[in-house]
Amino acid sequence: MFRNILVHIPSERPVRPVIEVAVALTIARRSHLDAVAIGYESMSAAGMIVEGGGAAVVAVMGAELERAQERADAAIAVFEIEAKLAKIAYGTRTIAAIPAEAGQTIGALARLYDMTIVLQPEPSTASYDNEIPQQILFNSGGPMLMVPYIHKGPLDAHHVGIAWDGSRLAARAVRDAIPFLMGAKAVTVIAVNEEAGEASSDQLAAHLGRRGIAARVQQLTADRGDVQGAILSIAAESSMGLLAMGGYGHS
């Protein structure tokens, strides 16, 4: 599994975190890696034209398209250098488009891959690249690996955490993460405010045990607004390098 991987290379944000993770993971999994970079066109350029008519609008939009393509090409060039040095099987693609179209395009493109790697959005930095992970999460139909924007080096998946609430989303995440769980030295199931049910954290641990995955369970309580912080605290205290969780069960 994960033999065909896609990575989004930001054109407006740092590229090293996702490149380093994607290349290292491709080597470890003996996978094929495709990279896509998007240059975003500004739709406001045409609105600034007050004289010159249609020809002037076309000229401005043409120049904007060219600049967007240059930004995408520059981002993908950084990836290509690292891919060649690593001697991996790879492909590249650049897209110049308005943000809305770009999100739809990459969301559909990601459906053809076993997993898509993206950079975590950074709220303090205004960028269209911040919107790409959400488009992929909602539209790809497959797993997405989100790399923290402060990350350095390859992915450390020796200790994997599972954010478990018994939901369909969590179950899907566990199934998608099986290759990582099988290779981990430690697996921890994190259950916050767990209620009695058919799909409890203890039952998940038993299920994983039948697959040869030894998992321990860590149950805790937290206020609804503190669930995210509680999960991240456990991950930090236990030195987890990877967290498997469903998308949009919580903010």
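For the structure, see preceding data.
Thresholds, definitions, all that
- Residues numbered from 1 in each chain as written.
- Predicted model: local features only at pLDDT ≥ 70, side-chain atom pairs only at ≥ 80, totals over all residues.
- Heavy atoms only, no water.
- Salt bridge = Lys/Arg side-chain N within 4 Å of Asp/Glu carboxyl O.
- Helix = DSSP H or I, 4+ residues; strand = E, 2+ residues; numbered from the N terminus.
- Buried < 20%, exposed > 50% of the residue type's maximum accessible area, 1.4 Å probe, protein only.
- Contact = heavy atoms within 4.5 Å.
- Arc of directions from axis to C-beta.
- Core = buried A, V, L, I, M, F, W, Y, C linked by side-chain atoms within 4.5 Å.
- Pairing = 2+ DSSP bridges.
- Axes fitted to C-alpha atoms, helices over the stretch in contact; angles between N-to-C directions.
- Phe/Tyr/Trp six-rings, centres within 6.5 Å; stacked < 30°, edge-to-face > 60°.
- Lys NZ or Arg CZ within 6 Å of the ring centre and 35° of its normal.

A. Focus on the pattern of salt bridges. In this structure the tally under the stated criterion is 5 salt bridges. R13 is the salt-bridge partner of E122, the closest N and O atoms lying 3.7 Å from each other. You can see E122 sitting in the loop between strand 4 (115-119) and helix 4 (132-139) and its partner R13 sitting in the loop between strand 1 (4-9) and helix 1 (16-29), a full 109 residues away along the chain. Of the two residues, E122 and R13, neither departs from the other in class, the shared state being buried.

B. Quick peek at the environment of Q69. Mapped onto the secondary structure, Q69 falls in helix 2 (residues 53-86). In sequence terms Q69 and A96 are 27 residues apart; their C-alpha atoms lie 5.2 Å from each other. Those residues within four positions of Q69 in sequence are excluded, and the remaining contacts are T94 and A96.

C. Broad picture of helix 5 (residues 168-176). Within the span of helix 5, buried status applies to A170, A171, A173, V174 and D176. Contacts made by the buried residues of helix 5 are with strand 6 (159-163), helix 6 (178-183), helix 7 (201-209) and strand 9 (242-244).

D. Representation of unusual backbone geometry in the model. Non-glycine residue K87 carries a positive phi angle of around 55°. Topologically, K87 is positioned in the loop between helix 2 and strand 3 (89-97). Within the chain, S239 stands out as a residue other than glycine whose phi angle is a positive 55°. With respect to the helices and strands, S239 occurs in the loop between helix 8 (227-237) and strand 9. Given a relative accessible area of 54%, S239 falls into the exposed group.

E. Quick look at helix 3 (residues 99-109). Restricting attention to buried positions, one finds in helix 3 the residues P99, A102, G103, I106, G107 and L109. The buried side chains of helix 3 occupy one side of the element, clustering within an arc of 160° when seen end-on. When the buried face of helix 3 is taken as reference, the exposed residues oriented beyond 90 degrees from it are A100 and Q104. On its buried face, helix 3 is in contact with strand 1, strand 2 (32-40), strand 3 and helix 4.

F. Fine view of the nonpolar core. In this structure, V7, I9, F79, I117, I162, L181 and L208 are the most contacted members of the largest nonpolar core, which totals 44 residues. Tallying contributions element by element places helix 1 first for this core, with 6 residues. Beyond its immediate sequence surroundings of up to four residues, V7 is in contact with V18, A22, L33, D34, A35, V36, F79 and I117. Counting 14 residues, the second largest nonpolar core, distinct from the first, contains V36, A110, Y113 and I136.

G. Representation of the sheet that holds strand 9. If you trace the 4 strands from one edge of the open sheet to the other, you get 8-7-6-9, paired in parallel fashion. Two strands close off the open sheet at either side, each with one partner strand: strand 8 (215-220) and strand 9. Each strand axis lies, on average, 25° off the axis of its neighbour in the sheet, ignoring direction. Along the sheet, helix 8 makes contact with strand 6, strand 7 (186-192), strand 8 and strand 9, crossing strand 7 at roughly 160°.

H. A look at the packing of aromatic side chains. Tallied over the full model, the rule gives 3 aromatic pairs. On the basis of an interplanar angle of 40° and a centroid distance of 5.3 Å, the ring pair of F2 and F180 is categorised as tilted. Taken together, the residues F2 in the segment before strand 1 and F180 in helix 6 connect sequence positions 178 residues apart. F180 sits in the buried class, given a relative accessible area of 7%. Note that R29 overlies the ring of F180, its terminal NZ or CZ placed 5.2 Å from the centroid.

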